[in-house]
Amino acid sequence: MGNINYCMFKVPLPSTQESTRLQTSDAVPAWVAHPHDTLFVADLDRARRNAGLSESFIEFMRSHDIQLRFSALSEVGHCTADATCNPTNAYKVRGALVSAELAKQDGQTTLVTASAGNHGAGLAYAARQLGMRAVIYVPQNAPQVKVDTIRSFGAEVRLIGDSFDACLREARKDKLVARGDAKFVHPFDDEAVVAGQGTIGFELLEHLEKQVLTHRPEKVRVVLPIGGGGLAAGVLSVLKTRWPKEFPPLEVVGVVDESSPASLLAMLRGRPVRALTDTIADGTKVEMVGKNFLAVAHLLDGLVLLPHDELVEAMRRHERKTGVRLEGAGALALGGEEVISRYNLLSDPSTVVKVALLSGKNIDPQRFEDEVTADARMNTKETRRQGFDVVIPEKPGQLLKFLEVVKDYNIASLTYVRRVGSETGHLRVEFEVAHDRRHALKEVVTSVFPGSKKLLAGQQILHVGGGLGTEAGTEKLIRLDDAPGSFLRCIRELTEREALGQVDFLFYRKPAKRGAHAQVVMGQASPVLEVPVAEDEIRRPRLH
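Residues numbered from 1 in each chain as written. Predicted model: local features only at pLDDT ≥ 70, side-chain atom pairs only at ≥ 80, totals over all residues. Heavy atoms only, no water.

**Q** Would you mind going over unusual backbone geometry in detail, with residue names and values included?
**A** One non-glycine residue, Asn89, lies in the positive phi region at around 65°. By the secondary structure assignment, Asn89 is in the loop between β3 (78-82) and α4 (93-105). The backbone of Arg216 sits at a positive phi, close to 50°, despite the residue not being glycine. Its place among the elements puts Arg216 in the loop between α10 (199-215) and β8 (219-225). (Helix = DSSP H or I, 4+ residues; strand = E, 2+ residues; numbered from the N terminus.)

Listed below in structure tokens is the structure:
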């Protein structure tokens, strides 16, 4: 793979009161209280009682023959937890079963949802098990294998919209739901769904207890994929509230596809932020995370942004070892754990028990062949990523100055976070650069910004804090084409129009596929930008 750099974010979420006190990221404690805590019931026993289930959640799942299967990897104490071992080939059937059971007890006979595929299949399966009707709204570009699976369980499929979020808006307006003749089940931001996904946490606890007693590790790590956040909300609630105090420290790390960064942006901002998506991981392809995830996001010990190439490689490697083809979202945690271990991103002690959750294996065979098996970019690509930690003065025009300096080089990603009370800001930027131009790039960057340094693998741990999470701010999302120089032209125009103002964070990602859109998301502490994130239709400046 060469010398590729990776980002790991440890993101404190200051409350409104805390934000005035915290001055720099160095002064921020590991995690601070977040005002969304009251939105979600972390005690899943209470949620079970509210649902009226006579059995415990884990027994309820076992009665449907839905259990994790643990497979040891090469390293002692390192394994995968496979949540795909059920009729739907994905973990989302858990939340679907709990929500369907609750709806039936309330007298409902019809369930309506929107889904990229796996939640829809889970709800269709649950409805058939309980003698209910299911209507599933699915994006028109959903994988055919997922559409076929939903139909195989007897559900009605309505193909509508060109994205999951567009499909979700249509499902909310369903006439049956509006008349009260059907129950709408949100695919990830529904308490019953979150509670069902949390059953994975109970099974992980059982397994990890055995691992701790057998291996006597110094630390335990669980790695989860994050899309809309339903799985993370449920599993985090269980693991962090039930972990025995006498056990070694438990670390739960989320993995996000860098081409679908909604959860990262929400954690930086302290509330949902709209993000464009362009990813092979359709199961985690959401524009905005749910409030249930934000309610417990402060329990995460870190967030890994996984590059597209690493995700594809994890899918390919797993198929080569096991013969099982994971979908993109299903392999996120596996790819994240491999990157963490390979580059020692977390400075592990000598003995660590590690579990990566495999969450789905519904992928069209042809898509796997086209985008995974036949993807030879990792072996033939002449360019590699080179990252820099760029120290820039906190003065107007410095970002544009940096982009002008490096305009002859291809930026793959850029993340900026303002450090409140500091005279300098920090950019984390990655370039796709030919081997023979790497040294020249380093000289260009350091000659203009002397405090900058090259980021080596294992050094990209970004601690973010101070001044974020306020309710007054707005965000601006800008869609760019993938032509060279689009990002520079965007910042130039915003600067010339004096529309940039004071930016608390800025996030840019080049699209993973040629011809797709890149995105810029920026947020401010004061409402200078004209477009609030809540708007469904986002106005975009003409930048061409």
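Resuming the write-up.
**Q** Lay out the pairing of strand β5 (residues 133-138) with the relevant residues and their values.
**A** Successive side chains on a regular strand alternate, one facing one side of the sheet and the next facing the other. Within β5, 5 of the 6 residues are buried, which leaves the element mostly enclosed by the surrounding structure. As judged from the 5 bridges shared by strand β4 (residues 110-114) and β5, these two strands associate in the parallel manner. Note on β5: the bridge partner recorded for Val112 is Val135. With respect to chirality, the unit in which β4 leads through helix α5 (residues 118-130) into the neighbouring parallel β5 is right-handed. In this structure, β5 lies alongside strand β6 (residues 156-159), joined through 4 bridges in parallel fashion. Paired with Val135 across the two strands is Glu156, which belongs to β6. Where the polypeptide runs from β5 across helix α6 (residues 144-152) and back to β6, its parallel neighbour, the crossover connection is right-handed. (Buried < 20%, exposed > 50% of the residue type's maximum accessible area, 1.4 Å probe, protein only. Pairing = 2+ DSSP bridges. Right-handed = clockwise from strand over helix to strand, strands pointing away.)

**Q** Describe in detail α10, supporting the description with residues and values.
**A** For α10, spanning 17 residues, the distance from its first C-alpha to its last is 24 Å, which sits close to the expected 24 Å at 1.5 Å a residue. All buried positions along α10 are accounted for by Thr199, Ile200, Gly201, Phe202, Glu203, Leu204, Leu205, His207, Leu208, Gln211 and Val212. Just past α10, the residue Arg216 takes up positive phi, approximately 50°. (Expected span 1.5 Å × (residues − 1).)

**Q** Talk me through the sheet that holds β6; I want residue IDs and the actual numbers.
**A** The strand order across the open sheet built from 4 strands is β6-β5-β4-β7, with neighbouring strands paired in parallel fashion. Each edge of the open sheet is held by one strand with a lone partner, namely β6 and β7 (183-184). Across 2 bridges, the pairing between β4 and β7 is parallel. Bridging across to β7, Leu111 finds its partner in Lys183. Running at roughly 150° to β6, α6 makes contact with β5 and β6 of the sheet. (Contact = heavy atoms within 4.5 Å. Axes fitted to C-alpha atoms, helices over the stretch in contact; angles between N-to-C directions.)

**Q** Pulling in residues and values, what's your account of the environment of Ala297?
**A** Looking at where Ala297 falls in the secondary structure, it is placed in the loop between α13 (291-296) and β10 (302-306). On the accessibility criterion, Ala297 (0% relative accessible area) is buried. Residues Ala297 and Ala266 lie 31 residues apart in sequence; the distance between their C-alpha atoms is 9.6 Å.

**Q** So what's going on with the packing of aromatic side chains? Residues and values would help.
**A** Counting across every chain of the model gives 7 aromatic pairs. Centre to centre, the rings of Trp243 and Phe247 are 5.3 Å apart; their planes meet at 80°, and the pair counts as edge-to-face. Summarising the aromatic geometry, the rings of Tyr409 and Phe431 are spaced 6.5 Å apart at their centres and angled 80° between planes, so their arrangement reads as edge-to-face. Here the residue Tyr409 occupies a position in the loop between α18 (398-405) and β13 (410-417), and Phe431 occupies one in strand β14 (residues 424-434), the gap between them amounting to 22 residues. With respect to class, Tyr409 is no different from Phe431; both count as buried. Through successive ring pairs, a cluster of aromatic residues spans Phe388, Tyr409 and Phe431. One Lys or Arg, Lys401, reaches over the ring of Phe449 and ends 5.6 Å from the middle of that ring. The lysine or arginine in question, Arg437, covers the ring of Tyr409, its NZ or CZ lying 4.2 Å from the ring centre. (Phe/Tyr/Trp six-rings, centres within 6.5 Å; stacked < 30°, edge-to-face > 60°. Lys NZ or Arg CZ within 6 Å of the ring centre and 35° of its normal.)

So yeah, pure geometry; function would need other evidence.
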